[in-house]
Structures are given as C-alpha cells and as structure tokens.
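Architecture at a glance
Chain by chain, the residues run as shown.
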Amino acid sequence: MRKITYKEALREALREEMRRDTTVFLLGEDIGKYWGGAFKVTEGLAEEFGDERVRDTPISENAIVGTAVGAAITGMRPVAEIMFGDLTALAMDQIANQAAKIRYMFGGQISCPLVIRTPFGAGVNIASHHSQSLEAWFMHVPGLHVAVPSTPYDAKGLLKSAIRGNNPVFFCEHKLLYPIQGEVPEEEYTIPFGVADVKKEGTDVTIVATLYMVHKALKAAEILEAEGISVEVVDPRTLTPLDKQAIIKSVKKTGRIVIVSEDCKTAGVSAEIAAVVAEEALDYLDAPIIRVAEPDTPIPFSPPLEQYVIPDEKAIIKAVKEVV
Amino acid sequence: MLNLPKNKLTQMLRKILEIRLFEEKVFELYAQNLVPGTIHLYAGEEAVAVGVCSNLRKDDYITSTHRGHGHCIAKGADLKRTMAEILGKKTGYCKGKGGSMHIADFSIGMLGATAVVGAGIPIAVGAGLSIKLRRTDQVVVCFFGEGASNQGTFHEGINMASIWKLPVIFVCENNLYAMGTRQSIVMNIENIADRAIAYGISGVVVDGNDVLAVYEVAEKAVERARKGEGPVLIECKTYRHKGHSRVDPARYRPKEEVAEWLAKDPIKRFKEKLIHTKVLSEAEIQHIEKEVSVEIEEAVKFAIESPFPMPEEALEDVYA
Ligand SMILES: Cc1ncc(C[n+]2csc(CCOP(=O)(O)OP(=O)(O)O)c2C)c(N)n1
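On to the interface of chain B and chain A. Counting from both sides, the interface comprises 40 residues of chain B and, opposite them, 40 residues of chain A. Summed over both sides, the interface between chain B and chain A buries roughly 3,300 Å², with carbon and sulfur atoms accounting for 65% of that surface. Across the salt bridge formed by Glu52(A) and Arg135(B), the nearest N and O atoms sit 2.8 Å from each other. At the boundary of chain B and chain A, one finds 17 residue pairs in polar contact (both at pLDDT 80 or more). Looking at the side of chain B that touches chain A, the element that brings in the most residues is helix α5 (residues 120-134) of chain B, giving 9 residues. When the residues that make up the side of chain B that touches chain A are grouped by side-chain class, the tally is 23 nonpolar, 9 polar and 8 charged.

Residues and elements named next belong to chain A. The buried fraction of strand β4 (residues 77-81) amounts to 5 of the 5 residues, a majority that puts the element mostly inside the structure. Of the two faces of β4, the one lined by Arg77, Val79 and Glu81 and the one lined by Pro78 and Ala80 are each fully buried. Where strand β2 (residues 24-28) meets β4, 5 bridges bridge the pair, whose relative direction is parallel. Residue pairing across strands places Leu27 opposite Ala80, the latter belonging to β4. With 3 bridges joining them, β4 and strand β5 (residues 115-120) adopt parallel strand pairing. Each residue of the ladder has a partner; that of Ala80, found in β5, is Ile116.

Here we take up the sheet that holds strand β4 (residues 168-174) of chain B. All names here are of chain B. Strand order in the open sheet formed by 6 strands is β2-β1-β3-β4-β8-β7, and the pairing between neighbours is parallel. Unpaired on one side and paired on the other, β2 (110-113) and β7 (202-207) mark the two borders of the sheet. Neighbouring strand axes in the sheet, compared pairwise and without regard to direction, differ in orientation by 15° on average. Here β4 runs beside strand β8 (residues 232-237); their pairing, made up of 6 bridges, is parallel. By the bridge assignment, Phe170 is partnered in β8 with Leu233.

As a further point, take the site of the ligand. Residues and elements named next belong to chain B. Around the ligand, a shell composed of 15 residues is seen, among which His66, Arg67, Ala115, Gly147 and Tyr177 lie nearest. The contact in question runs from an oxygen atom of the ligand to an N or O atom on the side chain of Arg67, over 2.7 Å. In the model, an oxygen atom of the ligand is placed 3.1 Å from a nitrogen or oxygen of the Glu146 side chain. Contact with the protein chains removes 73% of the 590 Å² of surface that the ligand exposes when unbound. In the shell around the ligand, the residues fall into 7 nonpolar, 6 polar and 2 charged.

With that out of the way, let us pick up unusual backbone geometry. All names here are of chain A. Pro241 follows Thr240 through a cis peptide bond whose omega is -5°. Here Pro241 shows up in the loop between β12 (238-240) and α9 (244-254). In this structure, Lys40 takes a positive phi of about 65° despite not being glycine. Mapped onto the secondary structure, Lys40 falls in the loop between β2 and α2 (45-53). For Lys40, a relative accessible area of 28% translates into the label partly exposed.

This next bit is on the packing of helix α3 (residues 61-72) of chain A against helix α4 (residues 92-99) of chain A. Residue and element names in this part refer to chain A. One way to put it is that α3 packs onto α4 with a least axis distance of 7 Å and a crossing angle of 30°. Our classification of the angle between α3 and α4 gives roughly parallel. In this structure, α3 uses Asn62, Val65, Gly66 and Val69 to contact α4, whose residues at the interface are Met92, Asp93, Gln94, Ile95 and Ala99. Within the contact of α3 with α4, the residues separate by chemical class into 5 nonpolar, 3 polar and 1 charged.

What follows is about the packing of aromatic side chains. If you walk through the whole model with that rule in mind, you get 12 aromatic pairs over all chains. Consider the rings of Tyr6(A) and Tyr178(A), whose centres lie 5.9 Å apart with planes at 65°: the pair is edge-to-face. Here the residue Tyr6(A) occupies a position in helix α1 (residues 6-20), and Tyr178(A) occupies one in the loop between β7 (169-174) and β8 (181-183), the gap between them amounting to 172 residues. Residue Tyr6(A) is classed as buried on the basis of its relative accessible area, which comes to 0%. With centroids separated by 5.6 Å and ring planes inclined at 65°, the aromatic side chains of Phe144(B) and Phe154(B) adopt a geometry described as edge-to-face.

A few words on the packing of helix α2 (residues 46-53) of chain B against helix α8 (residues 211-226) of chain B. All names here are of chain B. Closest axis-to-axis distance for the α2/α8 pair is 8 Å, and the angle between their directions is 40°. Judged by the angle between their axes, α2 and α8 are oblique. For the crossing formed where α2 meets α8, the hand is right-handed. Contacts between α2 and α8 involve Ala47, Val48, Val50, Gly51 and Val52 from the first element and Val211, Val214, Tyr215 and Ala218 from the second.

Right, let's talk about the side chain of Ser128(A) for a bit. All names here are of chain A. Considering the arrangement of structural elements, one finds Ser128 in the loop between β5 and α6 (135-139). A relative accessible area of 17% places Ser128 in the buried class. When near neighbours in sequence (up to four residues on either side) are disregarded, Ser128 contacts Asp86, Pro298 and Ile299.

The next point concerns the pattern of salt bridges. All names here are of chain B. Following the criterion strictly, the structure yields 47 salt bridges over all chains and no others. A salt bridge links Glu297 to Lys25, with the shortest nitrogen-to-oxygen separation between them at 2.8 Å. Here Lys25 lies in helix α1 (residues 6-31) and Glu297 lies in helix α11 (residues 282-305), a separation of 272 residues in the sequence. Owing to a relative accessible area of 15%, Lys25 belongs among the buried residues under this scheme.

This brings us to the sheet that holds strand β11 (residues 231-235) of chain A. All names here are of chain A. Read from one edge of the open sheet, 5 strands run β9-β11-β10-β13-β14, paired in mixed fashion. The sheet is open, and its two borders are formed by β9 (197-200) and β14 (290-294), each paired with just one other strand. Each strand of the sheet is rotated relative to its neighbour by a mean of 25°, with strand direction disregarded. When strand β10 (residues 205-209) meets strand β13 (residues 257-264), the two strands line up parallel, connected through 4 bridges.

This part is about the environment of Glu229(B). Residue and element names in this part refer to chain B. Among the structural elements, Glu229 can be located in the loop between α8 and β8. The exposure class assigned to Glu229 is partly exposed, which follows from its relative accessible area of 34%. It is 40 Å that separates the C-alpha atoms of Glu229 and Ser281, two residues lying 52 residues apart in sequence. Sequence-distant contacts of Glu229, that is, excluding residues within four places in its chain, are made with Lys165 and Arg224.

Before going further, it helps to spend a moment on the pairing of β13(A). All names here are of chain A. Within β13, 7 of the 8 residues are buried, which leaves it mostly tucked inside the rest of the structure. Bridge count between β13 and β14: 4 bridges; the pairing is parallel. Paired with Val260 across the bridge in β14 is Val292.

Below, the discussion takes up the confidence of the model for chain B. Confidence in the prediction for chain B averages 97 pLDDT; 99% of positions are at 70 or higher. Our summary of model confidence lists the complex with pTM equal to 0.95 and ipTM equal to 0.92.

This part takes up helix α6 (residues 152-163) of chain B. Here α6(B) contains 12 residues, and its C-alpha end-to-end distance of 17 Å stays within 8% of the 16 Å for a straight helix at 1.5 Å per residue. Along α6(B), the residues classified as buried are Thr153(B), Phe154(B), Gly157(B), Ile158(B), Met160(B), Ala161(B) and Ser162(B). Where α6(B) is buried, its residues contact α3 of chain A together with α5, β3 (140-145), β4 and β8 of chain B. Phi turns positive one or two residues past the end of α6(B), at Lys165(B), with a value near 50°.

Rules of the game
Residues numbered from 1 in each chain as written. Chains lettered and ligands numbered in written order. Predicted model: local features only at pLDDT ≥ 70, side-chain atom pairs only at ≥ 80, totals over all residues. Heavy atoms only, no water. Contact = heavy atoms within 4.5 Å. Buried area = accessible area lost by both parts, 1.4 Å probe. Salt bridge = Lys/Arg side-chain N within 4 Å of Asp/Glu carboxyl O. Polar contact = N/O pair within 3.5 Å; in protein donor to acceptor, adjacent residues only side chain to side chain. Helix = DSSP H or I, 4+ residues; strand = E, 2+ residues; numbered from the N terminus. Nonpolar A, V, L, I, M, F, W, Y, C, P; charged D, E, K, R; others polar. Buried < 20%, exposed > 50% of the residue type's maximum accessible area, 1.4 Å probe, protein only. Pairing = 2+ DSSP bridges. Axes fitted to C-alpha atoms, helices over the stretch in contact; angles between N-to-C directions. Near = heavy atom within 4 Å. Areas by Shrake-Rupley, 256 points an atom, 1.4 Å probe, with all protein chains shown as cover. Parallel < 35°, antiparallel > 145°, perpendicular 65-115°, else oblique. Phe/Tyr/Trp six-rings, centres within 6.5 Å; stacked < 30°, edge-to-face > 60°. Left-handed = near helix turned anticlockwise from the far one by under 90°. pLDDT = per-residue confidence, 0-100. Expected span 1.5 Å × (residues − 1).

Written as structure tokens, this is what we have:
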C-alpha cells in the first residue's frame, strides 16, 4: 500500500470532504495561499478551493471558533484551525460554553457540526506556550467529541468522520506526528468515533497510549518483546467517546495495564482511563495500574529539561517491568 | 410618520405591548415563586427590539443576550412556548434546558440567547459568513449591551465582519449600566458607536426609546447589508425600567435620572404619536391592549399547566 505522511493524510481528508460537500470550508490564521498553515496542513487547498473556502482570519481565536459556531448552526460545516493547541485557551468560551452546549441548552433544536483542529505536544524546544498537551480539558466538556489520531491512516479516517458528523469535534494533532509516514489506502474510508485500535497484539501487559506516545509505546514493546515480555498496545483513537470495552477486553486478556499519555499527570487523560479500569475491570487486574505521564510542570525550553519531562521509552519499559 | 402603512404601525404597537405585558407578567410570576432562577427584564427597552426586528424577514437571523425576552418576541417567537421555557417546562422552546437566559427558536431565525456577555457577537458574525458563503440575501442582527462592547469578542467580531463585508447589523443597547457599573466608570467615551471608526465601518447613534427612529436607522442598515455593503454599528440610547436582574433594587441610579427616563417611556411616546397623527384612536389602542392581555393570559395558563420535564430528560440532547 502507498505510504503518505500524517500531514498529507489530513490534507487529503480536507480536500476530499471539500470536494464532496460545498458546505465544508476552512478558517484559521495563515491557512491560506500565503502560508498554508503553520504546519502546512492546508498547503495547496486555497489554490484549489479559493480564499473564500480556505479563509485566512485575523489573530482572534475566540472569534475564529465563534464564527465557526455561527456558521455551523446556519447550515455550514466549518473546520477551524487553531495554530497551536495552547491557544485554544483564548477560545475556551466559544469551545466549552457555546459550541459544546448550544445543542443541549436549546433543547436539541439544532446541531453544531464543526471541527476544531489543533496541534498539541512537546519535543521541539519552543517552551510552555507552544508545547502543552491539553486534551483532558476538552474531555471534561460534555457535548464535545475529542479525537486523538496517532497514524496517517487514523488521521484521515477520523477527520473525515469528524467533518461528516453532526457534533462539535475537538481534533487533536501532534507536532511530531506531521512528518510520520504510514499506509493509507487510495480508496475512500472513514473511521467511526469510539472505536479503539489494537496497534499491536500481546499477552502479558496492556499499554494504552495516545497520539505520539503510541509510537513510543510501540518502540518500548519491541524492546520488551526481545526480553520475552509480550505487550499489547491499545490506541483509543477518540477520548470522547472512549472505547471502554476495548480497554477492558485487553485488560481481561493480559491482567496488567500501563497508561501512557503526554499530558501532565494530575487529572489528565491517564487519570480518566485508570478510573475506568478501576471501576469496571478491577477484578481482572493482577497488578496495580501504572500511569506514565508528564510531571505537573509547564513544559521547559532547554533540551535536557524538556526531554526530562516528556515520557520516553525508558519510562514506559520501567513501568511495564513494575507490573509484570 | 416615515410613510409606514397603518397596519405596519399597528403591528409594531402590538409587538411593543406584547413585550411590555409579557415582562410584567413574568415579574408577577417570579413574585409567586413560579420562575426558577433569575430574570433580566427588558421593560423600557422595547423600542429597540421592535424597531429593529420590524425590518426583518422570517428567514433573517438574530442573536440575543441574557436580556432576551424582548428580542425573541420581536422576532416572532410564540408567547406560550417562551413563557413555558421561562417556567422550566417541557413545552418550552428548549424543553426546560435553557430558561430565561437561553431561549432560541431556529424556525424563525432566532439563533439563541447566550448568558456569556459578548459571546453572541462572533456567533452572529459566523451566521453572516454562512449567508455570504451560501449566497442568500439574509441578514443577521446581533443584539448586545454597552457592557459587552468591552469584551474582546466585540472587537474581534466587528473586525471580522468588516474585513469580510458580512451582512451583520450590530445593535448596541446602551442602557447606561452593566449591572451596577455606570458606563463612565469603565469607558472614556460617551458613544459606543464611535468604536466603529476603528474597524472601518459606520457607527450611528439613535434615540433607543423612539421606535420609529430606531426603525428608520435599522431599515437603512438592513438594506445596505442585504445589498452586500457590509456591517453597521447602531447604538440605541435607552434605559431599563427595573434593576439589572430580579433581585436588584438599582439603588445606584439617581432618582432624577430614573424619573427623567421613565418620562421618556417608549410605549407612552409611541402611543401619543399614533394618536396625535391620527393613525390610531385611543379606543383602538385600548382594544389592541386588551387583545394582547388575553394572549398573555393564555400563554401563562399554557405555561403553568404544562408539565415539567421528566428528570431523565436531563440526559438527552447532549450529542446529535
Ligand atoms: C463574560 C461575562 N462576564 C460577566 C457576566 C455577569 N454579567 C451578566 S450581565 C452583566 C452586565 C452586562 O451588561 P451589558 O452588556 O451592558 O447588558 P445589560 O445587562 O445592560 O443589558 C454581567 C457583568 C457574564 N454573564 N458574562
């Protein structure tokens, strides 16, 4: 099968959906023909669809999302890009109080079919205003769906579902994933929300990981395998809805779980998954649940400091060895 | 009088009375403990909603605020379902999930009231963008208070509407106070309309207690917007008769100021004008008033007799 990058997969999803449905349009800062998006995801789309449908906006995050909300409730399917995930803080009212609640508070009269795409993640030495992983903020808001694709295949299939669905979707990308290559079929496909993917089968321990951490977990699994420990890697792919059954099923098989997420530990993604396992699958566990996450610090700038806080293969391997 | 036909003027009078009598009723029901939460009454500001919305078609949009009863009614919302929502009933527009501060009726283009001050502004801009992308000739009216004009959303939203020439009419209802904060304490300008200059659009100040003056200014703005000539900021100088919300006795307002504005009551002025110019007789006006009262009584009866939602309905409508 052909291989393309995560970035190209996202772009293909946008292009195909824009061709398929004229109500789909993009808006965001510098996404148009002069720049093509800070991470070049939208490069070339303005040339094909024009600057009306690939719309450069002022640096006004709250208004970008608010405008998307207004367009979504009046018949359009906007895909808004927020240049860096950290900056969603500026749009938090429109995301959490408006987009997520507009259907509920108005008694189901309308739906709000919009997608907010944004990159999270550390690893490129740009410090705390451009490196956080804030997925958990959005998991905590009923009314939103939260997607966390880790591969080009997942990125394309989930983005297409996000655009076609009728709910507001918070679509998390990761800066380090954009150049990663993976198999993506030429033919049309979509991936439903709420269906996890077992990225690698195994029998001794389950690792649940998301976004870039899936790749680190797979590397750790390879090393552990050589030492005779069989690891299963489960990637939830969407955090809301969360495929609890897939996680529980894997725990039933292995009896052990390590949860790996790049966000900080307290009240993070891993906390929620750990709680689900504790509530619904405690009896199947042969060892305590272990979480591998960032310490509760902002992301530092200097390379040795930054590398210290981001979970790595070594930390994952250590955690696995604690439970087996 | 603007050369408006008698039936149009009669309709405007009816709407203005509907809002006032509706508000008086809500106030009464609140006192009887039938209204959960709080209410923000629009009494005194009716000329703004009616003057503006009388220029709109059913398929035009509006966005509204925490003080939204008047906007809903002026846009044509059903009084029964509006009242039922305020009482938290199942038959309300939002099945009891929104209440007084969050009423919407998408079937008449009423895109909803938001209780986050200023949040409706970019949403209105988005509706304007959608109109432009869909190539229809609808327009959007965005209502907000002078307090909201200090929010980033006001500046971000108007700037966007201006650069993209969107059909959005920004209507600032300047009632001089944001809760208890007088405008002069938080702004060094007297006219919010002056802020339009910063975004390259025109700003107009109008007497917000004169329904015909508001009508005239809004008519021009709607015409311009429909032709694709972009947004306008209209500032309506007005005054709320009561406190900010139901619990507020509004002691921060000087007595003379209140008296001065009560004397400028928009309904009294409109009635006098209609009688003076012989459009309607006093008897005709009384007749309309009676009809509206009956309509309101029916709305109250409907709302009171409607059931509350079942508790489990709280779990519905989270996702589409
Ligand atoms: C963002 C935000 N901050 C504060 C509040 C609390 N609050 C509700 S209404 C209001 C005053 C609004 O004043 P204005 O915009 O002038 O509207 P008015 O009440 O005068 O109609 C405030 C501060 C809120 N709801 N939202």
